[in-house]
Amino acid sequence: MEVNLLLALGIVGAGLGLALLAIGVWALIFATTTYGPAAVPRWSNAWFVSSPILGFFGIACLLRAWWLSRLRVEAHAEGLRVGRDPRARWIPWPAIREVRTIGASGSYAALDLRLEDGRRVRLARTLADLDALVDRVKRGAFPGLLEASRQQFNLGETLAFGPLRLSPDGVQAGRKAIQWKDVQAVEVRDGRMVISARLPETARLRVAAGRVPNVDVCVQLVRHLGQVP
């Protein structure tokens with residue numbers, strides 16, 4: 001989807017850039033022959049200024065589409081290999097600190113990774129099987145992330161998962177909070193992470209799943225700490 005959009009934008013941008021250049025040349029010739037050289041800037045400058053802007057935009061889109069179409073990702077037992085030799089980047093599972101998905105399971109639009117050095121990697125729908133890759137990344141990275149989060153929590157630290165805060169007292173989102181003894185259920189549904197309380201039954205915390213890094217880890221922690229089956 002992203003490659004197709006970039007291709008369309010690139011073709012339109014480059015085409016408009018060439019069209020504006022042609023109009024600018026015509027305006028230059030027309031102004032010179034009809035009104036004299038003094039009228040040339042007024043007739044042609046706007047076209048000559050706009051043409052390279054649209055042209056460069058189109059070329060940038062086409063280059064980006066070409067790069068994405070060549071992107072290759074391999075999942076191994078110890079991590080990911082992103083790119084093609086000799087510039088392929090090796091990303092071991094422990095180096096992944098955050099995993100975010102855009103879209104729902106079965107129709108992911110993109111996978112965003114934040115690495116331990118702060119760099120970010122986005123893998124888009126241009127890959128042959130992004131859904132399978134998302135599942136593989138979760139299986140590879142989440143066990144280590146879950147264990148690290150448990151250790152931090154056991155030391156008394158409050159864990160931050162985007163807008164959610166998991167503290168020794170309970171889970172909080174903004175001004176709303178539910179104590180651990182009151183947690184009844186937690187699930188990801190329709191693109192939202194929903195945490196329900198026993199009493200009152202209407203008490204719920206709702207957060208867009210895309211705003212919660214490592215959402216599956218967060219769900220498992222809330223289930224464990226709230227003793228949810």
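In what follows, the accompanying structure is described. From a predicted model like this one, the values you see are computed outputs, not experimental measurements. (Residues numbered from 1 in each chain as written. Predicted model: local features only at pLDDT ≥ 70, side-chain atom pairs only at ≥ 80, totals over all residues. Heavy atoms only, no water.)

Next up on the list: the sheet that holds strand β2 (residues 79-82). In space, the 3 strands of this open sheet follow the order β1-β2-β3, with antiparallel pairing throughout. In this open sheet, the two edge strands, each paired with only one partner strand, are β1 (73-75) and β3 (89-92). Strand-to-strand twist of the sheet, defined as the mean angle between neighbouring strand axes without regard to direction, takes the value 15°. Of the strand pairs in this sheet, β1 and β2 are connected by 3 bridges, and their pairing is antiparallel. The residue of β2 that forms the bridge with V73 is V82. (Pairing = 2+ DSSP bridges. Helix = DSSP H or I, 4+ residues; strand = E, 2+ residues; numbered from the N terminus. Axes fitted to C-alpha atoms, helices over the stretch in contact; angles between N-to-C directions.)

Tracing the chain through its elements places D169 in the loop between β8 (164-166) and β9 (170-173). Looking at D169, the relative accessible area reads 61%, which means it is exposed. Taking the C-alpha atoms as reference points, D169 and A95, 74 residues apart in sequence, are found 30 Å from one another. Leave out the neighbours within four places in its chain, and D169 touches Q179 and W180. (Buried < 20%, exposed > 50% of the residue type's maximum accessible area, 1.4 Å probe, protein only. Contact = heavy atoms within 4.5 Å.)

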